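# Chains, contacts and geometry: an overview
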Amino acid sequence: MKKVGVIGLGNMGLPMAKNLLAKFEVYGNDINEAALKELESLGGKIATGPAQLAEECDVILTSLPSEAVVDAVYLGKDGIFNNPTNAIIVDTSTVSPEMNSKLEKIAKEKNIRFLAAPVSGGVIGAENRTLTFMVGGDKATFDEVMPVFEQLGENIFLVGEQIDSGTTVKLINNLLIGFYTAGVAEALHIANKQNIDLDMLFSILNVSYGQSRIYDRNYNTFIAKDDYEPGFALALLLKDVNFALDLAKSHGLDLPISEQLQQLYTQANEEGYGPKDMAVLYERVKEQSK
């Protein structure tokens, strides 16, 4: 295994492609010319599209922002699955379980090996090679791709051979992130009203049971700096919360607290907070409480 293609050189895909350069010949494809040039400047190669990747690469990773884009990249006129290939295709995007199943069905019809492998760890994890991979699919295929996964992450799990098993875990993970983000926003606002120094509060709670990785992330990286340039946009978190609730409804589950959380993020997105990092929910809580 020598050549790896990466489609989607965004906040996650570009740092992953950069890290792959240390061990593989890397081909990148994206509509963003600046990202392509950056990868090329580091020794990567620019691919003209899925057809070239299908012909050249041993593994193709996709890191894409929405289900609609995934559908277009895989099933569009020049989509990945419309080109004959011996490459293993790995989708690291977070999509619905239904999309996983749809892609797997088509992949099997075309005799293409496919894994659904959403990731957690954010941009920092992508940059530092500390991502968690939650993989669904054939174990032999998973084992073959392991050298690529190991170049990108620290925690690599084959959740199960059912294609959507990794996605289910990712949606549970992101539903919890939604809870933690809302909890941090509201808790810090209580501290504001009581004139508690927020740095002091973090120091105390960081060694107490109120500590969480999301508290650390949201406060130190975004809230304390009053900078909400997105690492993980609120709109993307809402997308994943919606997928999680859709999955729950498909099983007839009644999750009233999760449904309230969904309403909260839907309203924040409609009010214009969606493009900013999810930690911006803190600013909305302050604004709503005036």
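Residues numbered from 1 in each chain as written. Predicted model: local features only at pLDDT ≥ 70, side-chain atom pairs only at ≥ 80, totals over all residues. Heavy atoms only, no water.

The name that an unreviewed UniProt entry assigns to the chain is NAD(P)-dependent oxidoreductase, with the source organism given as Savagea faecisuis. Quoted verbatim from the Sequence similarities (unreviewed entry) field of the UniProt record, the comment on the chain reads "Belongs to the HIBADH-related family." (UniProt positions renumbered as here; feature names shortened; annotations may be inferred.)

### Quick notes on the side chain of Thr132
Considering the arrangement of structural elements, one finds Thr132 in strand E8 (residues 131-136). Polar contacts involving the side chain of Thr132 include one to the side chain of Asn155, which spans 3.5 Å. Setting aside anything within four residues of it in sequence, one finds Thr132 in contact with Pro118, Val119, Ser120, Asn155 and Phe157. (Helix = DSSP H or I, 4+ residues; strand = E, 2+ residues; numbered from the N terminus. Polar contact = N/O pair within 3.5 Å; in protein donor to acceptor, adjacent residues only side chain to side chain. Contact = heavy atoms within 4.5 Å.)

### Brief notes about the nonpolar core
If you look at the biggest cluster of nonpolar residues, it comprises 35 residues, and the most contacted ones within it are Leu188, Ile223, Tyr265 and Leu281. Counting only elements with at least two residues in this core, the list comes to helix H8 (165-193), helix H9 (198-205), helix H10 (213-223), helix H11 (234-250), helix H12 (256-273) and helix H13 (281-288). Examining the composition of this core, we find that 8 residues originate from one element, H8, more than from any other. Excluding anything up to four places from it in sequence, Ile223 contacts Val184, Leu188, Asn218, Tyr228, Ala279 and Tyr282. Counting 32 residues, the second largest nonpolar core, distinct from the first, contains Leu9, Val123, Leu152 and Ile156. (Core = buried A, V, L, I, M, F, W, Y, C linked by side-chain atoms within 4.5 Å. Buried < 20%, exposed > 50% of the residue type's maximum accessible area, 1.4 Å probe, protein only.)

### A closer look at the environment of Lys139
For Lys139, the location among the structural elements is in helix H7 (residues 139-152). Sequence separation of Lys139 and Glu161 is 22 residues, and the distance between their C-alpha atoms is 6.5 Å. Leaving out residues up to four positions away in the same chain, Lys139 has contacts with Leu158 and Glu161.

### Re the pattern of salt bridges
The final tally for this structure, using the stated rule, is 12 salt bridges. The residue Arg217 makes a salt bridge to Asp277 at a minimum N-O spacing of 2.7 Å. With Arg217 in helix H10 and Asp277 in the loop between H12 and H13, this pair connects stretches of sequence that are 60 residues apart. Put simply, Asp240 and Lys239 hold a salt bridge, and the shortest N to O gap is 2.7 Å. (Salt bridge = Lys/Arg side-chain N within 4 Å of Asp/Glu carboxyl O.)

### Some details on the UniProt feature "domain: 3-hydroxyisobutyrate dehydrogenase-like NAD-binding" (unreviewed entry) in the chain
Per the UniProt record, the feature "domain: 3-hydroxyisobutyrate dehydrogenase-like NAD-binding" (unreviewed entry) sits at residues 165-282. Structurally, residues 165-282 comprises 72% helix and 0% strand, and the distance from its first C-alpha atom to its last is 32 Å.

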